Amino acid sequence: MKTIIYFYHQHQTFIFSALSNLLKMTEENCTLENVHSYEAITLTKLNKLPKSTTWKGKRVFGVPLRVYQQTTGQILPIPITNALQYIRLHAGKCDGLFRKPGVKSKIERLRSQIETWNESSDESSLDSIKFDDYQPYVVADTIRQYFRELPECLIPPIITRLLCDLLKNLSQEDQLLAIRYSFFLLPDETREVLETILRFLLDISVRLGNSQVNCRSLARIFLPSVFQSFYDMHHTSSKILWWKWKKEKLDGISQENDRLILENCLMTMILNVDILCRVPSALSDELNLPLARKTKRLDELVRNACNGEFHIKKYISKNSEQFLQRLSTIKFKNIPTNIDSVNISIHKPSNSDENNLPIWKCSIDIPNTNVKQVYQRIVHDRYLWDKHVVESRTVEKIDDDKEIVQYVLNYLDLVPVRSFCEFRFSKKITSRSASDANAMLISAISIDHLQNHFLPGSMGITYKMHYYITPSPTQPGRTTVTQIACVDFSGRSTQWYENVYGCLLAHNLLSLRNTFTNTNPVRI
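Quick caveat: nothing in here was measured; it's all calculated off a predicted structure.

Draft legend 1. Broad picture of the overall build of the chain. Scanning the chain from terminus to terminus reveals 19 helices and 12 strands. When each of the 524 residues of the chain is scored for burial, the buried share is 54%. A separation of at least 24 residues holds for 70% of the contacts in the chain among residues at least 6 apart in sequence. Carbon and sulfur atoms make up 49% of the accessible area of the chain, which amounts to about 24700 Å² in all.

Have a look at this one:
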């Protein structure tokens, strides 16, 4: 088995192969009598967002996962993540958790607090949401409401219908294989949130005692939150419980059978979540997926760039010159966003590009600062402005401005982390127009290292990471930070790199500025 996070270059081919194998299983195991006519399943349709009218004006509840991530930099709202953690801690003490209803007025109060937190986006406001003031049943109901009110469903209706037709005709082993294929068809943010829910429910079932029995009970409760009605695909109303919607005189027995199939499907997903998140061996062998992508050692990296010489200073000078040249020659397309004061643009790869990843460019002005202050904050205080960093250390200090660093990023609790090992260096850049106006360039590139084997999760690869720090050319007393980034996070889709990653970079720059200004203006 190879985990899903071990590949990128073959990602689109992998998705198409998973879809092709899933449809092939349907053709081979289902007769024409029990196979519904499917509309063409495409990645575009599976990644399509619901109409903005369904979530316009909302802040947390009812906002699509991708829109929330683009707007705030978080896949799940932090209060929802904290609520999941609170329930995990209290699961073993509460009988009938998720079955017994919470007090309606208290649920509304908690919802209001979560919405208010998102509006202010002030870290100190987290203290105002004290989950200990609420019964676990209230928090559990609020969590369930959040996932049920997502305008996009975690598993799309067309995949739900396909699974319903397919699973009733497969052996238990093939059922799991079909579910795994379906899991890989989901958008990145949906797949990670679904994995979080599955691991959360498995943990709850273990804490409650009999995991097998409790898994079925939890699967029954969370069924409407995961599977959307395949009967309301063309219905004009909002999402409804599929087993309550009768169409074409479908009898109650057939409805109940479909519900039981999906309930068993969700229970299987909970109990096999670790296997679910791994690439099936048959598919990896078919596509010849690599066990891992390789990066170069530092000496190999430097020698390749310096005609066989191990000359780090020469390598840094050459790399810096190439960066400044590309900064002025590469054409970037501006991307409109609602992220305040950050300019975002993208350069999409051509067929000749080695890694086939887009390059993002983000820039921001930071008031009342100088180049040295911003440089120190980026290099030494990343934990202040990048909330996804959970661990960071210097492996080897080569010089004052050259080092090998390792760090770990965690974008969502209960989901495997991503680790990086980089050669990071900095260089002073003197402006030709003003000799006293010095700029700083911070650059990083992934390298292979003996201690990489001890890093958790999967290894990401940094192909380009530059922070170009200059005095603002138009506003005295301000510092301009321009970030150029091209990073492989392992297992991400093209849609994620082109639609989401740039927004995450922009939010980090906004957080960097806020460490100097103490303001956090983020709104949906």
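Picking up after the structure, the text goes on.
Draft legend 2. Structural view of the packing of aromatic side chains. Using the criterion set out here, one finds 18 aromatic pairs in the structure. Where F61 meets Y146, the ring centres are 5.8 Å apart and the plane angle is 75°; that geometry is what we call edge-to-face. Here F61 is found in the loop between α2 (43-46) and α3 (65-72), whereas its partner Y146 is found in helix α6 (residues 136-148), with 85 residues between them in sequence. Relative to F489, the ring of Y411 has its centre 5.8 Å away and its plane inclined at 75°; by these criteria the two rings are edge-to-face. Within this pair, whereas Y411 is found in the loop between β7 (402-409) and β8 (418-430), its partner F489 is found in the loop between β12 (478-488) and α18 (494-499), the two being separated by 78 residues in sequence. Judged by relative accessible area, F489 falls into the buried class, the value being 2%. These aromatic residues form a ring-pair network of at least three members: Y407, Y411, F420, F489, W496, Y497 and Y501. We note R492 situated over the ring of W496; from NZ or CZ to the ring centre the distance is 4.3 Å.

Draft legend 3. How the structure looks around unusual backbone geometry. Its identity as a non-glycine residue notwithstanding, N307 has a phi of 55°, on the positive side. Counting through the fold element by element, N307 comes out in the loop between α14 (298-305) and α15 (312-329).

Draft legend 4. Region of the structure containing the pattern of salt bridges. Scanning the model with the defined rule gives 26 salt bridges in all. The partner of R191 in a salt bridge is D188, and the shortest N-O contact between them spans 3.6 Å. You can see R191 and its partner D188 sitting in helix α9 (residues 188-208), 3 residues apart, about one turn around the helix.

Draft legend 5. Molecular detail of the packing of helix α4 (residues 78-90) against α9. Where α4 meets α9, the axes come as close as 9 Å, and the angle between the chain directions of the two elements is 20°. As the angle between them shows, α4 and α9 are arranged roughly parallel. Where α4 crosses over α9, the two elements pack in a sense that is left-handed. Contact with α4, carried on its side by L84, I87 and R88, involves T196, F200, D203, I204 and R207 of α9 and no other residues of that element. A class-by-class count of the residues in the contact of α4 with α9 yields 4 nonpolar, 1 polar and 3 charged.

Draft legend 6. Fine view of the environment of W117. Considering the arrangement of structural elements, one finds W117 in helix α5 (residues 104-120). Residue classification places W117 among the buried residues on the basis of a relative accessible area of 7%. The spatial distance from the C-alpha of W117 to the C-alpha of I78 is 9.2 Å, given a sequence separation of 39 residues.

Criteria and thresholds
- Residues numbered from 1 in each chain as written.
- Predicted model: local features only at pLDDT ≥ 70, side-chain atom pairs only at ≥ 80, totals over all residues.
- Heavy atoms only, no water.
- Helix = DSSP H or I, 4+ residues; strand = E, 2+ residues; numbered from the N terminus.
- Buried < 20%, exposed > 50% of the residue type's maximum accessible area, 1.4 Å probe, protein only.
- Contact = heavy atoms within 4.5 Å.
- Areas by Shrake-Rupley, 256 points an atom, 1.4 Å probe, with all protein chains shown as cover.
- Phe/Tyr/Trp six-rings, centres within 6.5 Å; stacked < 30°, edge-to-face > 60°.
- Lys NZ or Arg CZ within 6 Å of the ring centre and 35° of its normal.
- Salt bridge = Lys/Arg side-chain N within 4 Å of Asp/Glu carboxyl O.
- Axes fitted to C-alpha atoms, helices over the stretch in contact; angles between N-to-C directions.
- Parallel < 35°, antiparallel > 145°, perpendicular 65-115°, else oblique.
- Left-handed = near helix turned anticlockwise from the far one by under 90°.
- Nonpolar A, V, L, I, M, F, W, Y, C, P; charged D, E, K, R; others polar.

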